[in-house]
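# Coordinate inspection notes
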Amino acid sequence: MKKNRFRFWILVSIVAVSGFSQGMLLPLIAVIFESSGVSSFLNGLNATGLYIGILLASPFMEQPLRKFGYKPLIITGGLLVLVSLALFPLWHSFWFWFLLRLLIGIGDHALNFGAQTWITAFSPEQKRGRNIAIYGLFFGIGFAVGPLMVPLVNISESLPFILASGLSLIGWLFLFALRNELPEQDLRMSSFKNTFKRFAQAWKYAWVAFLPPFAYGFLETSLNGNFPVYALRIGIEVENVSALLFAFAIGAIIFQLPLGMLSDKFGRRKVLTAVLLLGFICFSAAGLLEQSFYGLFTCLFLVGMFVGSMFSLGITYMTDLIPTELLPTGNLLCGVFFSFGSLVGPSVGGLFIQFVTSVSFFYLISALFFIIFVIIAGKGKWKQR
């Protein structure tokens, strides 16, 4: 019991460091490029490097995990992240930094995939929702704290990268205190050529559980990437934009754990359908109240409360639906769908803002939530334990 507790807190701590590095890089590099005269299009293109890295690495993650175990994969991913962060100050180049972000995407994916699969594997079913909620909470806290490093660029452009790599090194060293374990094996699934067969099997069992991570990826990147542009166009002040995004982040952080515990008590599908419906209602209300700062602040705080846990709820729902030997594959696909949503969100959101000028941006997200609510409510009853 003590071994599991020690391992759990080491894993969620390194995940917090991962969230910190991701949360720092997005605004930090955007600010540096903007001050260097890089166009907004290229700035956004550079930001996709992290998610492209995740998608490119996904088919190659499961085999090393099954062969070598959780610990080597997490250590390798953490090393790739900290080395990449340390290399940023060496050369201020658009394509060099794109490559480093791609490598960080690969490293972060290995780290998070290994950690979340390990946690779902050793967590008892009655505490699984709580444990994954804490995992999401720590990542969210790290992601929220990361942007606070951006002002350090006024002291030295290298300083935020140095601090982030140092913090990653400290977290990485703690990983060596863990004892390695292997996931549950299935001899029929031992070769790389069967990777996509396992994807198909996992999809068959748990396709409905991959929709919430997709929706959360879409929401997170469109809210952080598209909403500031939309807000300025409808007359919201720059400082108010930061406050509105902060309201969403705080709501998501505070209610991660309560929602995870509720899912343990009442079931994942019930909690997921409830939060998706409430998210649809709150985003629809945000579209009606977007000219009122306090109305919009309240709506985004409530949205964070209700849907800020969708990624972790999706993981635990997938765990309930899928056979134990397919857990690594299911966790991998949760990350893939989150990354796919993260790539699609800013593009679709940008096109919506540009061409659908008479309709609120918030209605785009509310429509997505309503569609997924209908799918999970209508099709998600099968095979739930």
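Residues numbered from 1 in each chain as written. Predicted model: local features only at pLDDT ≥ 70, side-chain atom pairs only at ≥ 80, totals over all residues. Heavy atoms only, no water.

### A word on the side chain of Ser 360
- Tracing the backbone through its elements, the reader meets Ser 360 in the loop between α17 (327-355) and α18 (361-379).
- On the basis of relative accessible area, Ser 360 is assigned to the buried category, the value being 5%.
- Look past the residues within four positions of Ser 360 in its chain and what remains in contact with it is Tyr 230, Gly 287, Glu 290 and Phe 352. (Helix = DSSP H or I, 4+ residues; strand = E, 2+ residues; numbered from the N terminus. Buried < 20%, exposed > 50% of the residue type's maximum accessible area, 1.4 Å probe, protein only. Contact = heavy atoms within 4.5 Å.)

### Details of the pattern of salt bridges
- In this structure the tally under the stated criterion is three salt bridges.
- Linking Asp 264 and Arg 268 is a salt bridge whose minimum nitrogen-to-oxygen distance equals 2.7 Å.
- For Asp 264, a relative accessible area of 23% puts it in the partly exposed group.
- For Asp 320, the salt bridge is made with Arg 268, and the minimal N-O distance between the two is 2.7 Å. With Asp 320 in helix α16 (residues 310-321) and Arg 268 in helix α14 (residues 268-288), this pair connects stretches of sequence that are 52 residues apart. Of the two residues, Asp 320 and Arg 268, neither departs from the other in class, the shared state being buried.
- In this structure, a network of salt bridges that share partners links the residues Asp 264, Arg 268 and Asp 320. (Salt bridge = Lys/Arg side-chain N within 4 Å of Asp/Glu carboxyl O.)

### Structural notes on the packing of aromatic side chains
- Under the definition given, this model contains 27 aromatic pairs.
- Where Tyr 216 meets Phe 338, the ring centres are 6.3 Å apart and the plane angle is 25°; that geometry is what we call stacked. Remark: Phe 338 occurs in helix α17 and Tyr 216 occurs in helix α10 (residues 211-225); sequence separation between them is 122 residues.
- An aromatic cluster of at least three residues, connected via ring pairs, comprises Tyr 230, Phe 283, Phe 361, Phe 362 and Phe 369. (Phe/Tyr/Trp six-rings, centres within 6.5 Å; stacked < 30°, edge-to-face > 60°.)

### Regarding helix α5 (residues 70-87)
- Taking 1.5 Å of rise per residue, 18 residues should cover 26 Å, and α5 covers 26 Å from first to last C-alpha, within 8% of that figure.
- By the burial criterion, the buried members of α5 are Tyr 70, Lys 71, Leu 73, Ile 74, Ile 75, Gly 77, Gly 78, Val 81, Leu 82, Ser 84 and Leu 85. (Expected span 1.5 Å × (residues − 1).)

### Looking at the environment of Gly 136
- Tracing the sequence through the fold places Gly 136 in helix α7 (residues 125-145).
- By relative accessible area, which is 13% here, Gly 136 ends up buried.
- Between the C-alpha atom of Gly 136 and that of Met 149, which follows or precedes it by 13 residues, the distance is 21 Å.

### Here we look at the packing of α7 against α16
- For the pair α7 and α16, interaxial distance at closest approach is 8 Å and the crossing angle is 150°. Considered as vectors, α7 and α16 are oriented roughly antiparallel to each other. In the crossing of α7 with α16, the sense of the turn from one axis to the other is right-handed. Where α7 abuts α16, its residues Glu 125, Arg 128, Gly 129, Ile 132, Ala 133 and Tyr 135 lie against Phe 311, Ser 312, Ile 315, Thr 316, Thr 319 and Asp 320. (Axes fitted to C-alpha atoms, helices over the stretch in contact; angles between N-to-C directions. Parallel < 35°, antiparallel > 145°, perpendicular 65-115°, else oblique. Left-handed = near helix turned anticlockwise from the far one by under 90°.)

### Focus: the environment of Thr 117
- Looking at where Thr 117 falls in the secondary structure, it is placed in helix α6 (residues 94-122).
- With 258 residues separating them in the primary sequence, Thr 117 and Ile 375 have C-alpha atoms 26 Å apart.
- Those residues within four positions of Thr 117 in sequence are excluded, and the remaining contacts are Leu 65, Tyr 70, Leu 327, Pro 328 and Asn 331.
- Polar side-chain contacts of Thr 117 include one of 2.6 Å to the backbone oxygen of Phe 113. (Polar contact = N/O pair within 3.5 Å; in protein donor to acceptor, adjacent residues only side chain to side chain.)

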